[in-house]
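Summary of structural features
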Amino acid sequence: KPRVFTALANVGVFTGPHEPPIVPDVALAMDVLVHPNVNDRTKLSYFVWEQGKAPDLVIEVVSNREGDELGKRKRGYQRWRVPYYVVWDPYHDLGGDELMTFESRGDLYVPAKPRFERIGLELRPWDGPYEGVEWHWLRWYDLEGRLILTGAERAATAEERAATAEERAATAEERAATAEGRAADLAAQLR
């Protein structure tokens, strides 16, 4: 079923009015809809007390060892009780797997598969072009294993379907014209 969600990238997440934010690379909050007012910078933040919950999933992308994704950041998300924490390390800067996923169990994060039943999604590495760049990306899939297409990919697919439908219609028209011609020829022969 479609669900309302808010997806954030590099946006401050605040747990309290006087607490400093953590700024995850990506945060996903299910059943929360934030309508940011781009003219009001305070609305470009995620306030846990206003939304009623912490994000459901946070992704940190490792670009060097300075982000402390498996230390300070992980502990911060544990304290906030973020259900799923993902570390994407495509260059293996941290020395582990490229995709590390943790699920909250009580006060601990335990290693888990990148399949998020409560959200209805999973993450997988994917090789291919995105916005004209061929690379090794992290992509969303549904729980049946189907790739979630980007808006541009959906538009391209729709254009391909429309072009295919037009080709089929043109072929059908040609066949109809050919059949009409044959019928006219047969009618003339019968006369």
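These lines cover the structure that appears in this document, whether it is placed above or below. (Residues numbered from 1 in each chain as written. Predicted model: local features only at pLDDT ≥ 70, side-chain atom pairs only at ≥ 80, totals over all residues. Heavy atoms only, no water.)

**Looking at the overall build of the protein chain**
The helix and strand tally for the protein chain stands at three helices and 11 strands. N-terminal to C-terminal, the α/β element order of the protein chain is β-β-β-β-α-β-α-β-β-β-β-β-β-α. Each of the 191 residues in the protein chain was classed as buried or not, and the buried ones make up 32%. A sequence separation of at least 24 residues applies to 49% of the contacts in the protein chain between residues at least 6 apart. (Helix = DSSP H or I, 4+ residues; strand = E, 2+ residues; numbered from the N terminus. Buried < 20%, exposed > 50% of the residue type's maximum accessible area, 1.4 Å probe, protein only. Contact = heavy atoms within 4.5 Å.)

**Focus on the layout of surface pockets**
If you add up the space inside the largest pocket, you get close to 960 Å³. Considering the residues around the largest pocket, the lining is formed by 28 residues, among which Leu123, Leu138, Arg139, Trp140 and Ile148 are closest to the centre. Top contributing element to the lining of the largest pocket by residue count: strand E11 (residues 133-142), with five residues. Of the residues that constitute the lining of the largest pocket, the class distribution is 21 nonpolar, three polar and four charged. (1 Å grid on protein atoms, 1.4 Å probe; cavity = no way out; pocket = protein on both sides within 12 Å on 5 of 7 lines; lining within 4 Å. Points joined across faces, edges and corners; volume = space filled by probe spheres on them. Nonpolar A, V, L, I, M, F, W, Y, C, P; charged D, E, K, R; others polar.)

**Some details on the pattern of salt bridges**
The tally for this structure, following the rule as stated, stands at 12 salt bridges. With its nearest N and O atoms 3.4 Å apart, the salt bridge here joins Glu103 to Arg105. With a relative accessible area of 51%, Arg105 lands in the exposed category. For Glu103, the salt bridge is made with Arg118, and the minimal N-O distance between the two is 3.5 Å. Placement of Glu103 in strand E7 (residues 99-105) and of Arg118 in the loop between strand E9 (115-116) and strand E10 (121-130) is noted, with a sequence separation of 15 residues between them. (Salt bridge = Lys/Arg side-chain N within 4 Å of Asp/Glu carboxyl O.)

**Observations regarding helix H2 (residues 72-80)**
Each turn of an α-helix holds 3.6 residues, which means side chains three or four residues apart point in the same direction. Among all positions in H2, only Lys74, Gly76, Tyr77, Gln78 and Trp80 are buried. In the core, the buried residues of H2 are packed alongside strand E2 (13-14), strand E5 (57-61), strand E6 (84-88), E7 and strand E8 (108-111). Of the residues one or two after H2, Arg81 is the one with positive phi, at around 65 degrees.

**Focus on unusual backbone geometry**
In this model, Asn10 sits at a positive phi of 55 degrees, which is unusual for a non-glycine residue. Residue classification places Asn10 among the exposed residues on the basis of a relative accessible area of 54%. Residues other than glycine seldom take positive phi values, yet Arg81 does so here, at roughly 65 degrees.

**Comments concerning the environment of Leu147**
Relative to the assigned elements, Leu147 resides in the loop between E11 and helix H3 (151-190). In the structure, Leu147 is positioned 23 residues away from Arg124 in sequence and 9.2 Å away in space, judged by C-alpha atoms. When neighbours within four sequence positions are excluded, Leu147 is seen to be in contact with Trp126, Arg139, Trp140 and Tyr141.

The values reported here are purely geometric and, on their own, carry no functional implication.
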